[in-house]
Amino acid sequence: MASGKEIRNKIKSVQNTKKITKAMEMVAASKMRKAQERMRAARPYAEKIRRLAANLSAANITDYKHPFLTKKDDAKRVGLIVVTTDKGLCGGLNTNTLRVALSALKSWEGNGVTDIRVTCIGNKGLGFMQRLGAKVVSHVTQLGDTPHLEKLIGPVKVMIDAFQNGELDEVHIAYSRFINTMKQEPQLEQLLPLTGERLGTPEGTWDYLYEPDAQVVIDELLVRYVEALVYQGVAENMASEQSARMVAMKAASDNAGNVIGELQLVY
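On a predicted model such as this, the values are computed, not experimentally measured, just so you know.

Draft legend 1. How the structure looks around the sheet that holds strand E2 (residues 115-121). Strand order in this open sheet of five strands is E3-E2-E1-E4-E5, and the pairing throughout is mixed. Both outer strands of the open sheet, strand E3 (135-140) and strand E5 (183-192), are each paired with one neighbouring strand and no more. Strand-to-strand, the axes of this sheet are offset by a mean angle of 20°, without reference to chain direction. Across five bridges, E2 lies against E3 in parallel orientation. For Val-118, the partnering residue across the bridge sits in E3 and is Val-136.

Draft legend 2. Representation of the environment of Ala-235 in the model. Within the element layout of this structure, Ala-235 appears in helix H6 (residues 214-266). Discounting chain neighbours no more than four positions away, the residues touching Ala-235 are Met-39 and Pro-147.

Draft legend 3. Molecular detail of unusual backbone geometry. Cis geometry marks the peptide bond from Leu-192 to Pro-193; its omega dihedral reads -10°. Inspection of the secondary structure puts Pro-193 in the loop between E5 and helix H5 (196-199). In this model, Leu-89 sits at a positive phi of 55°, which is unusual for a non-glycine residue. If you trace the backbone, Leu-89 turns up in the loop between strand E1 (77-83) and helix H2 (93-110). Overall, Leu-89 belongs to the exposed group, its relative accessible area being 54%. Of note in the backbone geometry, Gln-142 takes a positive phi value of approximately 55° without being a glycine. Tracing the sequence through the fold places Gln-142 in the loop between E3 and helix H4 (149-164).

So, how was this worked out
- Residues numbered from 1 in each chain as written.
- Predicted model: local features only at pLDDT ≥ 70, side-chain atom pairs only at ≥ 80, totals over all residues.
- Heavy atoms only, no water.
- Pairing = 2+ DSSP bridges.
- Helix = DSSP H or I, 4+ residues; strand = E, 2+ residues; numbered from the N terminus.
- Axes fitted to C-alpha atoms, helices over the stretch in contact; angles between N-to-C directions.
- Contact = heavy atoms within 4.5 Å.
- Buried < 20%, exposed > 50% of the residue type's maximum accessible area, 1.4 Å probe, protein only.

If you want it as structure tokens, here you go:
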């Protein structure tokens, strides 16, 4: 049986751990509120540009058909954007997202997809894909607590350019959608080509005036739309990260308190 001194040292050690997890819980709670505000602030822009894109795809008011709106029946070359966190200690958030991504990769390989390219946003996803031996064509890490679009555009543009050049038939994105503080869901969504499910049904049809011409405006608009979707996914993932970390650290603090109580009884 352990001596009294050993038990005292163990109690002190667990108390120190509890202080750390409690501090991390408070920091995560503070960052979570800011991340949620940022995520909600990005939604109106994404919703407005989605309506514009939905109207353009449904109305067929121009002869020009953008490649982003053209669906291919048999996709043999697929791109995947994986959004994860840079840091750990956030429960099963990254594990759930990477499990969904891995399932998709296996499904595509089983369906005869010959070329799968991966873009990683976040250090955890990059490490996982490199260990898996996936074809990582671009990545960005160390985004901090605030997502900046200028940091995301470069890696995402690699995928967009590959799709526009006909090197890829589909592009998907995997991330964690923020539902509430206690619940975050891993999502796998098709980014390109833009489908009716993604765009939704337009509320009405409008005829636009284009300056200088329809092709230039639509090209620019749809690229901005895809970038807005990726930014929204990263913002959702960051809000999910802080919520999951706060919950995980609270559970760790509670467990530490239980261990301390048991050790004090033994002592």
